[in-house]
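Per-entry structural report
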2 protein chains.
Amino acid sequence: MTVPLSPGATIGILGGGQLGRMLSVAASRLGFMTHVFEPGAAPPAGQVAHRVTTAGYDDTAALAAFAGSVDVITYEFENIPTAALDTLEAHRPIRPGREALRVSQDRLTEKRFLRDLGLATAPYAAVDDAEGLHAALDEIGTPAILKTRRFGYDGKGQARITSRDDAAAALDDMAGAPAILEGFVAFSHEVSVIAARGSDGQVACFDPGENVHEGGILRTTAVPARLAGSQRMDAVLLAGRILNALDYVGVMGVELFVTPKGLIVNEIAPRVHNSGHWTQNGCAVDQFEQHIRAVTGWPLGDGTRHSDVVMENLIGADMDRVPELAREPRAALHLYGKAEVKPGRKMGHVNRIVQDG
Amino acid sequence: MTVPLSPGATIGILGGGQLGRMLSVAASRLGFMTHVFEPGAAPPAGQVAHRVTTAGYDDTAALAAFAGSVDVITYEFENIPTAALDTLEAHRPIRPGREALRVSQDRLTEKRFLRDLGLATAPYAAVDDAEGLHAALDEIGTPAILKTRRFGYDGKGQARITSRDDAAAALDDMAGAPAILEGFVAFSHEVSVIAARGSDGQVACFDPGENVHEGGILRTTAVPARLAGSQRMDAVLLAGRILNALDYVGVMGVELFVTPKGLIVNEIAPRVHNSGHWTQNGCAVDQFEQHIRAVTGWPLGDGTRHSDVVMENLIGADMDRVPELAREPRAALHLYGKAEVKPGRKMGHVNRIVQDG
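The rules we used
Residues numbered from 1 in each chain as written. Chains lettered and ligands numbered in written order. Predicted model: local features only at pLDDT ≥ 70, side-chain atom pairs only at ≥ 80, totals over all residues. Heavy atoms only, no water. UniProt positions renumbered as here; feature names shortened; annotations may be inferred. Phe/Tyr/Trp six-rings, centres within 6.5 Å; stacked < 30°, edge-to-face > 60°. Helix = DSSP H or I, 4+ residues; strand = E, 2+ residues; numbered from the N terminus. Least-squares fit on C-alpha atoms with pLDDT ≥ 70 in both. Contact = heavy atoms within 4.5 Å. Buried area = accessible area lost by both parts, 1.4 Å probe. Salt bridge = Lys/Arg side-chain N within 4 Å of Asp/Glu carboxyl O. Polar contact = N/O pair within 3.5 Å; in protein donor to acceptor, adjacent residues only side chain to side chain. Nonpolar A, V, L, I, M, F, W, Y, C, P; charged D, E, K, R; others polar. Pairing = 2+ DSSP bridges. Axes fitted to C-alpha atoms, helices over the stretch in contact; angles between N-to-C directions. Buried < 20%, exposed > 50% of the residue type's maximum accessible area, 1.4 Å probe, protein only. Disulfide = S-S within 2.5 Å. Domains from an automatic or database assignment. 1 Å grid on protein atoms, 1.4 Å probe; cavity = no way out; pocket = protein on both sides within 12 Å on 5 of 7 lines; lining within 4 Å. Points joined across faces, edges and corners; volume = space filled by probe spheres on them. Arc of directions from axis to C-beta. Expected span 1.5 Å × (residues − 1).

For chain A, the name recorded in an unreviewed UniProt entry is N5-carboxyaminoimidazole ribonucleotide synthase, with Cribrihabitans marinus as its organism. Reading the Pathway (unreviewed entry) entry of the UniProt record for chain A gives the comment "Purine metabolism; IMP biosynthesis via de novo pathway; 5-amino-1-(5-phospho-D-ribosyl)imidazole-4-carboxylate from 5-amino-1-(5-phospho-D-ribosyl)imidazole (N5-CAIR route): step 1/2."

Below is the structure:
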């Protein structure tokens with residue numbers, strides 16, 4: 001058993017974006033200090049963290065000093081360079097652990113891991129070159145989607161293949177990076193389970209949320225999701241199996257396609273997840289605090305949903321709607337303190353309490 | 001009409017305790033930066049604020065630099081020296097305004113203000129010396145309580161007078177400071193209204209909470225409070241009258257005694273208030289965000305209560321109970337990041353969601 005960290009201990013957070021920011025606020029609520037490591041200047045998390053280190057993931061000295069100043073290390077994104085993780089782990093524990101990062105950093109490894117667990121995924125095949133792509137298209141057919149195996153997010157590093165004519169252009173988009181071809185799944189909607197596993201092995205899941213994407217970016221998440229009772233239980237159980245198999249400690253986002261034949265795992269993210277932001281206004285303990293509890297060895301909190309909530313992301317020019325959103329009844333605004341508005345940039349979100357639970 | 005501050009603007013907060021800390025977190029939720037001014041080292045608010053100035057209220061240069069770096073100034077406590085306010089106000093607006101501070105910094109001025117509004121208060125008389133105390137006791141009788149007119153909080157600067165024999169000792173406790181003698185009120189319980197007034201004059205009140213004190217310190221606040229329907233409306237209306245009369249902008253705590261003959265105003269605090277902490281887990285917009293909205297010229301938010309909540313303060317050695325509280329269902333912990341536990345020191349609070357609203 002992990003000895004729980006006491007209030008006053010310092011949590012190191014890799015990444016200073018909005019997820020690091022909301023993790024930092026949740027940590028402070030439990031009396032913890034936070035220290036954010038982020039290569040970019042003036043990160044959103046830096047506005048609310050106790051300390052910030054501005055340095056690159058190749059700066060071994062900065063990484064070591066950062067690790068030495070904290071009691072445990074966690075992260076807001078999964079694409080942390082392996083060498084940086086090696087340096088950090090020599091000093092302090094990283095939670096969630098390396099195995100979860102190894103699996104989720106590579107779409108192909110992730111798919112294989114899920115299949116080995118007996119879970120359903122979209123059809124897929126590895127693609128390293130033009131020949132491999134054609135073989136994969138023979139197997140999977142079109143339409144399909146070609147994705148880089150590593151470093152993709154929010155629809156980046158992806159190319160849709162409607163017919164064989166698109167194949168060459170799609171491969172060009174990968175810029176020589178190893179890729180994976182995924183077949184389309186005929187799903188009615190997407191849900192996600194925000195699951196948590198404590199250092200004692202206890203698993204707790206928030207109520208599944210129903211996601212709507214636009215242009216590859218999450219637009220809204222609504223709870224409760226449309227799910228039959230048995231599917232709701234399936235969703236929670238399969239999320240639990242994933243966390244157990246990885247000996248996972250922390251919060252994970254598990255995206256699922258709902259099909260007439262059952263649930264298909266789209267992808268997993270070993271961190272707090274955009275589709276879990278509704279928990280801030282729907283539960284006594286939200287996903288950010290749940291993650292902090294797990295990585296500090298605390299017992300998991302009670303994530304029972306007390307209200308129906310619809311979360312809407314505020315993206316780019318949605319910021320122009322803030323004055324109007326500020327007047328809306330039963331709406332809780334969460335802005336990320338980003339200085340510059342850019343198209344496609346997540347600037348904040350609003351949680352609408354639709355009905356008491 | 002005040003032009004609302006845009007996200008990215010900086011709010012100056014005088015005082016770095018737990019109220020400043022929770023104000024800072026609420027401000028960040030709306031995308032604001034915060035700058036905390038606090039004489040003491042390593043203030044709790046400093047862990048979550050963007051900037052901290054450590055300087056005394058007599059440091060005119062530090063005050064001017066602080067004021068120059070922010071867009072609006074607010075505070076977590078009412079006993080700010082007048083000279084400091086003069087310096088600050090030469091640079092930036094202070095909200096809530098000076099009139100609310102003038103009234104609430106002096107118990108006698110406050111009582112007179114309330115009486116002039118036609119509101120009921122405990123019987124009181126000014127006491128400057130032994131002769132005055134005896135005259136006051138003739139008028140009010142015993143038991144009564146002698147309080148310094150200024151700088152009292154959490155039961156400090158107060159002496160109970162059960163009989164005339166206690167008078168001399170009570171006066172000694174005042175150490176020569178101007179005082180006020182207050183008669184006891186036969187009340188069944190105490191409630192408080194957390195009221196907000198925006199820069200547009202709109203008033204919104206959170207549902208009244210019922211307070212239990214121990215040793216002069218708030219122990220618990222429960223919502224809903226035991227109040228007849230007409231009393232509930234009376235409570236909200238009289239709070240609104242106080243805020244209107246002061247042309248108030250921000251959140252105010254109004255403590256009321258409930259008696260068979262009606263509501264009696266105990267005291268007002270021109271700031272967020274311990275008895276409003278329940279709003280963090282009972283409403284879409286809590287008292288801290290409501291205050292930030294008011295002082296930045298935003299519209300007030302929706303403070304509708306979605307759940308029944310009991311807030312319990314964690315005082316001194318209550319911190320030993322944190323491991324057990326962390327395991328309690330439907331309990332939301334809020335710790336203040338104070339390094340040292342002291343008897344009587346407010347270390348945190350827990351909001352228990354008793355029932356969905």
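There's more to say after this.
**As for the packing of aromatic side chains**
Aromatic rings considered in pairs are described by the distance between their centres and by the relative angle of their planes. Residue and element names in this part refer to chain B. In total, this model carries twelve aromatic pairs over all chains according to the counting rule given. Here Phe-37 and Phe-66 contribute two aromatic rings whose centre-to-centre distance is 5.3 Å and whose plane-to-plane angle is 65 degrees, an arrangement assigned as edge-to-face. In this pair, Phe-37 is assigned in strand S2 (residues 33-38) and Phe-66 in helix H2 (residues 60-68), connecting sequence segments 29 residues apart. Look at Phe-187 and Phe-257: their rings are 4.2 Å apart centre to centre, the planes differ by 15 degrees, and that puts the pair in the stacked class. Of the two residues, Phe-187 sits in the loop between strand S8 (179-183) and strand S9 (189-197) while Phe-257 sits in strand S13 (residues 250-259), which places them 70 residues apart along the sequence.

**Notes on the relation of the copies chain B and chain A**
When chain B is fitted onto chain A, the two copies agree to an RMSD of 0.0 Å after a turn of 180 degrees and an axial shift of 0.0 Å. Here the transformation between the copies is reduced to the relation of a two-fold axis. It is Val-48 of chain B whose C-alpha, among those of chain B, lies nearest the rotation axis, at 2.2 Å. Most of the interface of chain B is mirrored in chain A, where 100% of its interface residues again form contacts.

**Topic: the interface of chain B and chain A**
Contacts between the two partners involve 38 residues from chain B, matched on the other side by 38 residues from chain A. Both sides of the chain B and chain A interface together cover about 3100 Å² of buried area, and 57% of this is carbon and sulfur. Summed over the three residues of chain B that lose the most area to chain A, namely Gln-47, Ala-284 and His-306 of chain B, the buried surface amounts to 16% of that side. Where chain B meets chain A, there are zero salt bridges. Viewed at the interface, chain A and chain B are joined by ten residue pairs in polar contact (both at pLDDT 80 or more). Residue assignment for the side of chain B that touches chain A shows that the elements contributing at least two residues are helix H1 (18-29), strand S16 (331-335) and strand S17 (346-356) of chain B. Among the elements that line the side of chain B that touches chain A, the one with the most residues is S16 of chain B, at five residues. Partitioned by chemical class, the residues of the side of chain B that touches chain A number 20 nonpolar, eleven polar and seven charged.

**So, the sheet that holds strand S5 (residues 124-127) of chain A**
Residue and element names in this part refer to chain A. Taken in spatial order, the four strands line up as S5-S8-S6-S7 in an open sheet, and their pairing is antiparallel. With one partner strand each, in any of the chains shown, S5 and strand S7 (158-161) form the two edges of the open sheet. Sheet twist, expressed as the mean angle between neighbouring strand axes with direction ignored, is 25 degrees. Against the sheet, helix H6 (residues 130-140) engages S5, strand S6 (144-148), S7 and strand S8 (179-183), with an angle of about 170 degrees to S5.

**With respect to the environment of Glu-182 of chain B**
Residue and element names in this part refer to chain B. Structurally, the position occupied by Glu-182 is in strand S8. Overall, the relative accessible area of 4% leaves Glu-182 in the buried class. Spatially, the C-alpha atoms of Glu-182 and Asn-79 are 21 Å apart, while their sequence positions differ by 103 residues. Other than its neighbours up to four places away in sequence, Glu-182 contacts Arg-107, Lys-111, Pro-123, Tyr-124, Ile-140, Ala-144, Ile-145 and Lys-147. A distance of 3.1 Å separates a polar atom in the side chain of Glu-182 from a polar atom in the side chain of Lys-111.

**Concerning the state of the cysteines**
With the rule as written, the count across this model stands at zero disulfides over all chains. Cysteine Cys-283 of chain B is unpaired, with the sulfur of Cys-205 of chain B as its nearest cysteine sulfur at 12 Å.

**A look at the domain arrangement of chain A**
One frequent convention defines the size of an interface as the accessible area lost when the parts assemble. Parsing chain A into structural domains produces domain 1 (10-94), domain 2 (123-183) and domain 3 (189-356). With centres defined by C-alpha atoms, the gap from domain 2 of chain A to domain 3 of chain A works out at 28 Å.

**Some details on empty space enclosed by the protein**
Empty space among the atoms becomes apparent when a probe as large as a water molecule is rolled across them. Taken as a whole and judged by the stated rule, the model has five cavities of 30 Å³ or more. Taken as a whole, the largest cavity spans an internal volume of roughly 690 Å³. As for the largest cavity, its lining consists of 39 residues, and the residues nearest its centre are Val-25, Arg-29 and Asp-286 of chain A together with Val-25 and Arg-29 of chain B. Those elements that place two or more of their residues in the lining of the largest cavity are helix H1 (18-29), helix H9 (279-282), helix H10 (287-295) and strand S16 (331-335) of chain A together with H1, helix H9 (287-295) and S16 of chain B. For the lining of the largest cavity, a count of residues per class yields 21 nonpolar, ten polar and eight charged. Estimated volume of the second largest cavity: approximately 50 Å³. Around the second largest cavity, the lining residues are Arg-330 and Ile-353 of chain A together with Cys-283, Ala-284, Asp-302, Thr-304 and His-306 of chain B.

**A closer look at H6 of chain A**
Residue and element names in this part refer to chain A. Within the sequence span of H6, burial applies to Gly-132, Leu-133, Ala-136, Leu-137 and Ile-140. Projected down its long axis, H6 carries its buried residues within an arc of 135 degrees, all on one side. The exposed set on the far side of H6, more than 90 degrees from its buried face, consists of Glu-131 and Asp-138. The inward-facing, buried residues of H6 contact S5, S6, S7, helix H7 (167-173) and S8. Positive phi shows up at Gly-141, right after H6, with a value of about 80 degrees.

**Observations regarding the pattern of salt bridges**
All names here are of chain B. Inspection of every chain in the model, using the stated rule, returns 46 salt bridges over all chains. The closest approach of N and O atoms between Glu-99 and Arg-102, which form a salt bridge, is 2.9 Å. Remark: Arg-102 and Glu-99 occur in helix H4 (residues 98-104); sequence separation between them is three residues, near one turn of the helix. A residue is classified by how much of its surface remains accessible, and Arg-102, at 47% relative accessible area, is partly exposed. For Arg-293, the salt bridge identified is with Glu-289, shortest N-O distance 3.0 Å. Taken together, the residues Arg-293 and Glu-289, both in helix H9 and four residues apart, mark about one turn of the helix.

**Some remarks on H1 of chain A**
Residues and elements named next belong to chain A. If you check H1, its first and last C-alpha atoms are 17 Å apart, about what twelve residues at 1.5 Å a residue would give, namely 16 Å. Here H1 lies mainly inside the structure; eleven of its twelve residues are buried. Buried within H1 we find Gln-18, Leu-19, Gly-20, Arg-21, Met-22, Leu-23, Ser-24, Val-25, Ala-26, Ala-27 and Ser-28. Just past H1, the residue Gly-31 takes up positive phi, approximately 85 degrees.

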